[in-house]
Structures are given as C-alpha cells and as structure tokens.
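Below, each chain spelled out in residue letters.
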Amino acid sequence: MQKKIQSALISVFYKDGLEPIAKKLQELGITIYSTGGTQKFLEDLGVTCVPVESLTTYPSILGGRVKTLHPAIFGGILGRRYEAQDLAEMKEYNIPEIDLVIVDLYPFEETLRTTTEEKLIIEKIDIGGPSMIRAAAKNFRDLVVIAAKDDYASLEKLLAEQKGETTIEQRKAYAAKAFEVVMHYDIAISNYFNPGMQQVLRYGENPHQSAVFHGNLAELFTQLNGKELSYNNLVDVDAAVQLIQEFTSTQQAVFGIIKHTNVCGIAERATVKQSWDAALAGDPESAFGGVLVCNQPIDKATADAINEIFFEVLIAPAFDADALEVLKSKKNRILLQLTANTAKLKTPSKSLLNGTLEQGADIGNYSKWEEVGGRETTAAEKEDLLFGNLVCKHLKSNAIALIKNKQLVGKGCGQTSRIDSLRQAIDKAKQFNFDLKGAVLASDAFFPFNDCVQIAHAAGMEAFIQPGGSVRDKDSIEYCVTNGLAMVMTGMRHFKH
C-alpha cells in the first residue's frame with residue numbers, strides 16, 4: 001500500500017544530518033511543521049516551516065515542557081485515513097494530516113554520564129518526543145516515523161528514489177525501530193529511578209571499556225567486606241554460583257575455585273578445611289587471584305588457611321564470627337554471604353550481532369547411565385564420574401576433567417580440539433605430582449575417535465564418562481571392551497562457550 005508524504009513534523013534535539021532531508025522535503029513540496037530550536041535551524045537553512053503554535057494556538061509553555069502535547073498534533077498523527085469518522089472529526093476540528101514524523105529524544109543517558117545533578121537529569125526526561133514517536137509508530141499504516149538519526153540516510157534515499165512515496169513494509173520497519181528506541185529510553189529512565197537495579201562499574205572487562213550492571217545483587221548476596229565488585233568479579237562470581245548450585249544438596253563440604261569463569265580447583269570432603277586444602281592442591285598456581293566458593297559456612301580453621309593466599313572474592317552461605325575477623329584483615333577482599341534465593345538467577349542470555357540469544361539453563365548431570373565398556377564401574381569410580389561430570393559442565397569447551405577421590409586433579413578447557421584439552425589436563429596433573437592411576441575422566445562432549453581413551457589409559461585412567469553421540473562411538477567402546485575399561489554414556493552433552 002503506497003502512501004505519499006505531503007506533510008511532515010520535525011522536532012529534534014540533534015540537528016546534525018537533518019539538512020539534506022529538510023531540503024529534499026522542501027524540494028518535493030512537502031509542508032513542514034516544526035518547533036522551537038528545530039524551526040529556527042530549518043529557517044536558517046532557508047527551509048520554510050509552519051510553527052506548531054499555528055496549529056495548537058498555544059505557545060511553548062512551562063519552560064518548554066509543553067509544546068506538542070495537543071489534540072491538533074496528536075490528532076494529525078493518530079488519525080486513521082481509512083476511517084471515515086476519523087477524517088470527519090479531523091476536518092471538523094481543522095486538524096491537518098501528518099504523514100512523516102521526525103523526532104529524536106532528549107539526551108537522557110548522555111546527561112547521566114556528565115552530571116549527577118537531579119534537576120538537570122529530570123529535565124532531560126522527554127515527554128512529548130516518546131509520545132509522538134509511539135503515536136506515529138502505532139499508525140504506521142498511514143505514517144512514516146523516524147526516531148533516530150541513524151535512519152536519516154535511508155529516509156533521504158527513500159525520498160530521492162521514491163519521490164516521497166512509501167510502502168507499508170517500509171513504514172512498518174521504521175515503526176519497529178521506533179518502538180525499540182522508546183523501549184531503550186524508558187529502560188534507561190526506569191534504571192535511574194531504581195538505583196538498586198543499575199550499578200555503574202569502575203570499568204568493563206578492560207580499563208578502557210565502560211560497563212553497567214543491571215540487576216539487584218542484594219537479592220542474592222549480603223556483602224560483608226571489600227570493595228565494589230568489578231565487571232570481571234561479577235562474571236566470575238556468576239560462574240562460582242552456577243558451580244556451587246550443583247552441590248547444594250551434598251551433605252559433605254564442597255569448595256570450588258574459579259579463574260576466568262573456569263573451575264581450577266574443586267573437591268568434596270568431610271570438613272570445609274579439608275575441602276579447601278584439596279581444592280587448592282589441584283592447582284595452587286591458578287588459584288592466585290581467584291574467586292572462591294563453598295557450600296557450607298566458613299569456620300576459623302578454614303579462614304586461617306585461606307588467608308594465606310591472595311584471592312578476589314569468597315562466597316559462602318555463612319561465616320563464623322572469628323572467621324570473619326580473620327578474613328576482614330584485608331579491606332579490599334570481597335566477602336559475599338549467599339542467600340537461599342539462587343532461584344532468582346536469570347535465564348542464560350547473551351547479546352550478540354543485532355540481537356539477544358536466550359536458552360534454558362543446563363540443568364542436570366545425565367539423562368541416562370549406560371555402561372558400555374569392558375566392565376561395570378566400581379562404586380568409587382561411579383562417585384568420581386558423577387562428580388567429574390558436574391565439574392566438566394563448568395569448564396569451557398572443549399572440556400576434560402580428571403577426578404580422583406572427588407578432587408579435580410587435572411583439567412583441560414577452552415581448546416579447539418578435545419585431544420589438546422586432554423593433554424593439557426594430564427600435564428596439569430603431572431605438574432602438581434598427582435598419580436593418575438585410579439583417576440577417572442569426564443568429557444563435556446563425545447569422543448570423535450578413540451585416541452583420547454588410549455592416551456588417558458596410558459596415563460593410568462580406567463573409567464570414563466561422556467555423552468556419546470559420535471558416529472564413531474564404537475571405536476572408543478571397542479577400545480574399552482578390549483582393555484577392560486569402564487565407560488559410561490550419559491546422553492547429555494554439556495558444551496559451554
């Protein structure tokens with residue numbers, strides 16, 4: 001459905017890029033209605049404008065707060081050209097049809113970045129602008145709406161090539177963009193009025209990157225000590241909380257150490273102190289500067305041991321009073337008491353390209369327990385395999401976790417081939433003098449060949465857990481059968497990118 005633009009309303013804060021459009025509209029004989037500073041800008045260019053006051057019969061009032069909020073303006077935007085009643089009422093009240101609305105918004109976010117003065121910030125909350133944009137976008141069957149200067153170039157091209165005519169598809173596309181602009185603007189204002197939901201961080205992943213956290217950490221933690229959480233702290237804290245959620249129902253103590261979102265140490269033991277010692281022993285080098293997490297309260301014996309190393313964050317459900325006294329000896333050390341509200345964690349999502357990806361959480365350990373090797377797993381191996389498969393979920397793919405007595409003794413992660421991850425895991429275990437005889441191996445995805453099983457077997461491992469699903473599963477199975485090794489297929493992959 002083609003529509004010809006015969007009139008336009010232009011009211012913008014930023015004037016750059018507007019000149020060629022205004023001149024093209026005048027060239028096409030399109031009537032231009034405008035306001036205040038925009039009107040002056042256009043007239044200085046030699047573009048003829050009709051002031052909106054001639055429609056509203058009111059001047060700009062209340063310090064510019066009210067200019068366009070009037071039936072003569074909104075009737076011209078919202079009037080449906082296909083409804084006889086609308087057309088009759090517009091004629092009765094001398095309301096002109098408006099076919100193009102070019103409006104941007106007061107720079108609210110830019111103002112937040114330059115001042116904390118509330119009066120200045122409040123005055124940059126646009127009222128008329130969003131209202132006109134929403135009205136024009138709603139009536140896309142009859143109107144074109146341009147809500148951001150990013151669309152000036154495409155509008156200029158459209159005016160030149162189509163002589164002021166537009167298709168329904170073009171108008172609807174502009175309307176969709178307009179609603180996005182208003183949504184983003186409203187979210188920014190909402191975040192300002194809900195300061196618990198927005199936290200400006202010192203910087204992002206690197207010092208030259210700005211960053212903001214949108215959310216309410218108080219729903220999850222009570223911060224007992226330390227500086228503000230940084231961007232990288234938050235990313236690792238999220239990884240730590242996701243990890244420890246796997247062990248909330250575990251009766252024994254589980255201590256985990258996170259570095260760059262990967263598990264670099266974890267162990268399950270009878271006491272918190274024992275679990276800390278075993279987790280640290282798994283990779284004492286990587287633990288430096290890490291984020292620590294435990295599923296049980298921190299006692300003084302554990303606090304004394306932890307206090308010997310440098311770490312960024314410690315998360316636990318509780319802290320004994322004497323343990324807190326020890327841990328607070330470093331004023332910047334972040335101590336977080338985790339509440340029971342981990343169910344409030346959001347659906348995993350990430351912003352990429354020009355959109356957002358969302359997915360369900362990776363919940364669970366395995367969907368089946370299928371023993372396919374040359375023998376059944378022993379009770380001890382099964383415990384380690386179950387533990388290792390959960391740990392493997394929290395390593396970046398390709399991921400390999402080597403477990404012995406519920407302790408991570410070697411891990412390989414983030415490699416572009418599974419065999420490289422395995423070699424990395426074995427080398428890490430050897431670095432800290434772990435005997436891999438009797439250890440088990442967990443893999444986040446299937447073995448495409450039997451080479452991983454062969455290498456692990458040569459290093460001393462005799463039990464494996466993997467999801468299966470390779471067209472060559474039989475290669476690994478046959479090797480295990482021939483050599484009397486245990487292998488479990490779970491039917492549940494745990495990729496993490």
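Coordinates for the structure precede this section.
This write-up is about the structure you can find in this document. Predicted model only: the values in this text are computed from it and were never measured.

Cut-offs and rules
- Residues numbered from 1 in each chain as written.
- Predicted model: local features only at pLDDT ≥ 70, side-chain atom pairs only at ≥ 80, totals over all residues.
- Heavy atoms only, no water.
- Phe/Tyr/Trp six-rings, centres within 6.5 Å; stacked < 30°, edge-to-face > 60°.
- Buried < 20%, exposed > 50% of the residue type's maximum accessible area, 1.4 Å probe, protein only.
- Helix = DSSP H or I, 4+ residues; strand = E, 2+ residues; numbered from the N terminus.
- Contact = heavy atoms within 4.5 Å.
- Expected span 1.5 Å × (residues − 1).
- Core = buried A, V, L, I, M, F, W, Y, C linked by side-chain atoms within 4.5 Å.
- Pairing = 2+ DSSP bridges.
- Axes fitted to C-alpha atoms, helices over the stretch in contact; angles between N-to-C directions.
- Polar contact = N/O pair within 3.5 Å; in protein donor to acceptor, adjacent residues only side chain to side chain.
- Patch = residues over 30% accessible without salt bridge, like charges linked within 9 Å, V, L, I, M, F, W, Y side chains within 5 Å.
- Areas by Shrake-Rupley, 256 points an atom, 1.4 Å probe, with all protein chains shown as cover.
- Salt bridge = Lys/Arg side-chain N within 4 Å of Asp/Glu carboxyl O.

1. Some points on the packing of aromatic side chains
1) Next: Evaluation of the coordinates by the stated rule reveals nine aromatic pairs.
2) Next: Measuring from centroid to centroid gives 5.2 Å for Tyr-192 and Phe-193, while their planes differ by 85°, and the two rings are edge-to-face.
3) Next: Assessed through its relative accessible area of 22%, Tyr-192 is described here as partly exposed.
4) Next: The class for Phe-193 is partly exposed, based on a relative accessible area of 49%.
5) Next: Their ring planes at 65° and their centres at 5.3 Å tell us that Tyr-366 and Trp-369 sit as a pair that is edge-to-face.
6) Next: Taking relative accessible area as the criterion, Trp-369 reaches 22% and is therefore assigned partly exposed.

2. Digging into the environment of Gln-170
1) Next: Tracing the sequence through the fold places Gln-170 in helix 10 (residues 168–193).
2) Next: Classification of Gln-170 by relative accessible area gives partly exposed; the value is 22%.
3) Next: Taking C-alpha positions, Gln-170 is 53 Å from Gln-337, a pair spaced 167 residues apart along the chain.
4) Next: Apart from the residues lying within four places of it in its own chain, the contact partners of Gln-170 are Leu-158, Gln-162 and Glu-165.

3. Regarding helix 11 (residues 231–244)
Side chains that are three or four residues apart share a direction in an α-helix, a result of its 3.6 residues per turn.
1) Next: Over its 14 residues, helix 11 extends 20 Å from the first C-alpha to the last, a length consistent with the 20 Å expected when each residue adds 1.5 Å.
2) Next: Listed as buried for helix 11 are Asn-233, Leu-234, Asp-236, Val-237, Ala-239, Ala-240, Val-241, Leu-243 and Ile-244.

4. Some points on the nonpolar core
1) Next: Counting residues in each nonpolar core, the largest one holds 42 residues, and the members touching the most others are Phe-221, Val-237, Ile-266 and Ile-315.
2) Next: Among the elements that take part in this core, helix 11 stands out by supplying seven residues, more than any other.
3) Next: Setting aside anything within four residues of it in sequence, one finds Val-237 in contact with Phe-221, Leu-229, Val-291, Val-313, Ile-315 and Leu-336.

5. Points about the sheet that holds strand 10 (residues 221–225)
1) Next: On the basis of which strands lie adjacent, the open sheet formed by six strands has the order 10-15-14-13-11-12 and mixed pairing. Looking at strand neighbours, the two that pair on one side only are strand 10 and strand 12 (262–269), the edges of this open sheet. The mean angle between the axes of side-by-side strands here comes to 20°, regardless of whether they run parallel or antiparallel.
2) Next: Each of strand 11 (253–259), strand 12 and strand 13 (290–294) is contacted by helix 12 (residues 272–282), which is oriented at about 35° to strand 11, the strand it contacts most.

6. Remarks on unusual backbone geometry
1) Next: Cis geometry marks the peptide bond from Ser-397 to Asn-398, where omega comes out at -10°.
2) Next: With respect to the helices, strands and loops of the structure, Asn-398 is situated in the loop between helix 15 (379–392) and strand 19 (400–403).
3) Next: For Asn-433, which is not glycine, the phi torsion reads 60° and is therefore positive.
4) Next: Note on Asn-433: relative accessible area 72%, which makes it exposed.

7. Description of the side chain of Ser-11
1) Next: Relative to the elements of secondary structure, Ser-11 occurs in strand 2 (residues 7–11).
2) Next: Here Thr-35 takes part through its side chain, which lies 2.8 Å from a polar atom of the side chain of Ser-11.

8. Observations concerning the sheet that holds strand 5 (residues 100–103)
1) Next: Within the open sheet, the five strands sit side by side as 4-3-2-5-6. Their pairing is parallel. The outermost strands of the open sheet, each flanked by one partner alone, are strand 4 (50–51) and strand 6 (144–146).
2) Next: Looking at chain direction, strand 3 (residues 31–34) and strand 4 are connected through two bridges and run parallel. Pairing of Ser-34 across the sheet is with Pro-51, part of strand 4.

9. Quick notes on a nonpolar patch on the surface
1) Next: A cluster of nonpolar residues, Leu-352, Leu-353 and Leu-357, forms a patch on the protein surface that exposes about 340 Å² of accessible area.
2) Next: Turning to its location among the elements, Leu-353 is positioned in the loop between strand 16 (349–352) and strand 17 (355–358).

10. Description of the pattern of salt bridges
1) Next: Taken as a whole, this structure holds 24 salt bridges when the rule is applied.
2) Next: Linking Glu-19 and Lys-23 is a salt bridge whose minimum nitrogen-to-oxygen distance equals 2.8 Å. With Glu-19 and Lys-23 both in helix 1 (residues 19–27) and four residues apart, the pair spans about one turn of that helix.
3) Next: The exposure class of Glu-19 is partly exposed, given its relative accessible area of 33%.
4) Next: The partly exposed category is assigned to Lys-23, whose relative accessible area is 38%.
5) Next: Between Glu-370 and Lys-368 there is a salt bridge, and its shortest N-O distance comes to 2.8 Å.
6) Next: Accessibility expressed as a relative area gives 35% for Glu-370, which makes it partly exposed.

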